[in-house]
Amino acid sequence: MSTISALDYTLLAILLGGALVSMLLGLKRRAARIAAGKATPAGIGAGQAWRERLNLRAFASRGLFASRLIKRPVAGLAHGLMFVGALVAIFGHAAFLLSFTGVPVYEGKFGLAVMELGRELAGLLMFAGVAFFLVRRLTRLERLNTGGFRRGFVAMEVLFLVTIAAGFAAEALRLAAPGSFSRGEFFGLALAGGLRDIGLGADALGSHLAWWLHGLLGVAFIGLIAHTPLSHMLLAPANAALARRRPGITLAPIDFDADPPEGEEISFGAAKLADLDRKKLLDFSACLWCGRCQEVCPAAQTGKALSPKKVMTTCASYLESGRIDDVALIDEIGLQAIFDCTTCAACVEECPASNSPAETILEFRRHFVMDRSEMPDTLALANRNLESRGHPFVGTAANPDDWRKGLDVPFFEPGKSEYLLWIGCSVAFEPRAQEVARAMVRILERAGVSYGILEESRCTGDPAKMAGDEMQFVEIAQANIEDFRERKIQKVITMCAHCFNSFDRYYPELGADWHTIPHSVLIDQLITDGRLQVLRNDAEKITFHDPCYLGRHNDILAEPRRALGAVAQLIEMPRNRKDSFCCGAGGGNYWGGKGGTARINDVRMQEAVDTGAAKVATSCSFCLLMLTSSASKHGEERRVFDVAELVAAALPAAAETA
């Protein structure tokens, strides 16, 4: 039993109130900095926009239960120990207040399970969790060091450990007094035995002072939270609540007809923090500087200039120092780093604080392109080709009609054709990708699907958008939307993950109203519905590369696997599904992506080869092209295929043509 009086608790409660005021002031200071950003994200209306955007699922899973931390089992366990321990300790302290009203909280099963054994375990769990993180920071784990080391964590972790230690000291001094008794405070009893052995067993004043030391340290810790990196305990859940419901990257639309604010020139993208919306400034405030984004970034992992962590820490430092309008920010990050991003969204998927580093990077990219007319030379050439010739494939010798030679491919007829088979630019102008279209036609014909194609090849504009040229993307998209309306197109099949993402994510905000389905999803449906019969080769082993723009961006994971599982044995690479490693083509890097210590596609192809699978499958034309390029280093035999090619080869009448 405790000898702490109601007066002690009252005084401590007053001090706790002061600590909470300090916390609120710290949050207010951070909120004032965040408020310097754009009032609402572009494309999101005023009024109830933020309430409509609340993501309660992400708030619960990522914000409260830190679900993304489980990917790293040891760190996830340490966080779990601290979280559970803190909950039990807070509940125990609150329950103790009932003892001042005469409730015997230390008696019975509740007293044993919660007030004694529960709080004892809680203290030990918290101590173990914090000690783990302190040791890891002191040993300077590489991802914590690279791109900036966050100061302030170590001091707060030491303060937390000392607070817990003071609590156990107060408990031990209390239990060392003559006549003290406890059924469940095993650690305190062990410490008390040691105190009695050295003659400190009857010091009631010492116990009281130790309790006050524990309380004051705890109050100080709480008061400092919002003024230190531990503010992520509050900001990360708030950031999770404001996370987009749709996975991946979503770039805000730009209103090119809007007039700039009075006294300002027209500017696109972001060169300084004030050009970004408040959600992104909240990202910088919530950032832990943990480096998880760095560890999964394909550009960073192949020695290129981009460090997503460095982008976030640089922006966070500018925000912390109040440099909201400092245009030096974009140049400090650098053009090469900005264009190294493959837009794979691995950083977005990995971040435990629900940050979106890639979206910030792409806003800087927009500024380089549309305001400063700067981009890497090879990408600029592809972008100009897209503008002048309607596709970005400079110097291609392929004719866009070559792929359908020898095939009777129907053109889309309004009111008659059910689906438009969208060919896209990569399939039209790259000979290797053209074979995917041929395979898809055989599948559609065999399944009896009503479809047609357009007479001329088109691009969705994705290469322009992800390269930062939003204006060109809008022009291409609006032309496509108008043409689709005239033809009354309602269902579209895509063979490129980037085409699907553009049609499904960005076209609707420009007025598109049709349904888009990736070809691998349709193939899976046709097999499942019995409309497509295939022969399975149980001896053949295939490994599947998840395209970033289907997996991470759009949660399309199971369908291509089911389609492949119908024709062969599927073997997974170590990095698969939403943890897949990028092929390196995204963000315009199909026409760039140079430099560094290795090519991203070479790294991914080696991972595929190491599985021992005879064939590598994917469901995106750009992934197919990138991995095919790398496969030549592993022999002359073709080993990279699209899902459609493998399924077409397994059709009964074509089983021997693979």
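The coordinates are above.
Residues numbered from 1 in each chain as written. Predicted model: local features only at pLDDT ≥ 70, side-chain atom pairs only at ≥ 80, totals over all residues. Heavy atoms only, no water.

1. A word on the side chain of Thr 516
Link 1 in the chain: With respect to the element layout, Thr 516 can be found in strand E4 (residues 515–518).
Link 2 in the chain: Beyond its immediate stretch of four places on either side in the chain, Thr 516 contacts Val 492, Thr 494, Phe 500 and Phe 503. (Helix = DSSP H or I, 4+ residues; strand = E, 2+ residues; numbered from the N terminus. Contact = heavy atoms within 4.5 Å.)

2. Description of the packing of helix H21 (residues 431–447) against helix H25 (residues 519–528)
Link 1 in the chain: Axis separation between H21 and H25 bottoms out at 11 Å; the angle between their running directions is 30°. If you check the angle between H21 and H25, you find them roughly parallel. With respect to the hand of their crossing, H21 and H25 are arranged in left-handed fashion. Contacts from Val 436, Met 440, Ile 443, Leu 444 and Ala 447 in H21 reach His 519, Leu 522, Ile 523 and Leu 526 in H25.
Link 2 in the chain: For the contact of H21 with H25, the class distribution of residues is 8 nonpolar, 1 polar and no charged. (Axes fitted to C-alpha atoms, helices over the stretch in contact; angles between N-to-C directions. Parallel < 35°, antiparallel > 145°, perpendicular 65-115°, else oblique. Left-handed = near helix turned anticlockwise from the far one by under 90°. Nonpolar A, V, L, I, M, F, W, Y, C, P; charged D, E, K, R; others polar.)

3. Remarks on helix H18 (residues 357–370)
Link 1 in the chain: Between the first and last C-alpha of H18 there are 20 Å, a value that for 14 residues agrees with the 20 Å anticipated at 1.5 Å per step.
Link 2 in the chain: Here H18 lies mainly inside the structure; 14 of its 14 residues are buried. (Expected span 1.5 Å × (residues − 1). Buried < 20%, exposed > 50% of the residue type's maximum accessible area, 1.4 Å probe, protein only.)

4. Topic: the sheet that holds strand E8 (residues 640–642)
Link 1 in the chain: Strands sit in the order E6-E5-E7-E8 across an open sheet of 4 strands; the sheet is parallel. Of all strands in the sheet, those bounded by a partner on one side alone are strand E6 (568–571) and E8. In this sheet, adjacent strand axes meet at a mean angle of 40° when their direction is disregarded. (Pairing = 2+ DSSP bridges.)

5. Comments concerning the environment of Thr 146
Link 1 in the chain: Inspection of the secondary structure puts Thr 146 in the loop between helix H6 (142–145) and helix H7 (153–176).
Link 2 in the chain: The residues touching Thr 146, leaving out its near neighbours within four places in the chain, are Gln 294 and Lys 309.

6. What to know about a nonpolar patch on the surface
Link 1 in the chain: Taken together, the side chains of Leu 112, Leu 117, Leu 121, Phe 186, Phe 187 and Leu 191 make up a nonpolar region of the molecular surface, amounting to roughly 450 Å² of accessible area.
Link 2 in the chain: Secondary-structure elements contributing two or more residues to the nonpolar patch are helix H5 (108–138) and helix H8 (186–197). (Patch = residues over 30% accessible without salt bridge, like charges linked within 9 Å, V, L, I, M, F, W, Y side chains within 5 Å. Areas by Shrake-Rupley, 256 points an atom, 1.4 Å probe, with all protein chains shown as cover. Salt bridge = Lys/Arg side-chain N within 4 Å of Asp/Glu carboxyl O.)

7. Brief notes about the state of the cysteines
Disulfide: a covalent bond formed between the sulfur atoms of two cysteine residues.
Link 1 in the chain: For the structure on display, the rule yields 0 disulfides.
Link 2 in the chain: Of all cysteine sulfurs in the structure, the one in Cys 344 sits closest to Cys 297, which takes part in no disulfide; the separation is 6.3 Å.
Link 3 in the chain: The buried category is assigned to Cys 297, whose relative accessible area is 8%.
Link 4 in the chain: Here Cys 620 is not disulfide-linked; the sulfur of Cys 623 is the nearest cysteine sulfur, at 4.0 Å.
Link 5 in the chain: Classification of Cys 620 as buried rests on a relative accessible area of 1%. (Disulfide = S-S within 2.5 Å.)

8. With respect to the packing of aromatic side chains
Link 1 in the chain: All told, the structure shown has 28 aromatic pairs when counted by the stated rule.
Link 2 in the chain: When the ring of Phe 160 is compared with that of Phe 221, the centres are 4.7 Å apart and the planes differ by 15°; the resulting orientation is stacked. Taken together, the positions of Phe 160 in helix H7 and Phe 221 in helix H9 (residues 204–224) put the pair 61 residues apart, joining distant regions of the chain.
Link 3 in the chain: Among the residues examined, Phe 160 registers a relative accessible area of 18% and is labelled buried.
Link 4 in the chain: Judged by its relative accessible area of 9%, Phe 221 is buried.
Link 5 in the chain: Relative to Phe 268, the ring of Phe 256 lies with its centre 5.2 Å away and its plane at 65°, an arrangement referred to as edge-to-face. Placement of Phe 256 in the loop between helix H10 (232–241) and helix H11 (278–286) and of Phe 268 in the loop between H10 and H11 is noted, with a sequence separation of 12 residues between them.
Link 6 in the chain: We classify Phe 256 as partly exposed; its relative accessible area is 25%.
Link 7 in the chain: Classification of Phe 268 as buried rests on a relative accessible area of 15%. (Phe/Tyr/Trp six-rings, centres within 6.5 Å; stacked < 30°, edge-to-face > 60°.)

9. Re the pairing of strand E5 (residues 537–544)
Link 1 in the chain: Strand direction decides the pairing type here: E5 and E6, joined by 4 bridges, are parallel. Directly across from Asn 537, in E6, lies its bridge partner Ala 568.
Link 2 in the chain: When E5 meets strand E7 (residues 615–618), the two strands line up parallel, connected through 3 bridges. Across the sheet, residue Thr 543 finds its bridge partner in E7, namely Val 616.

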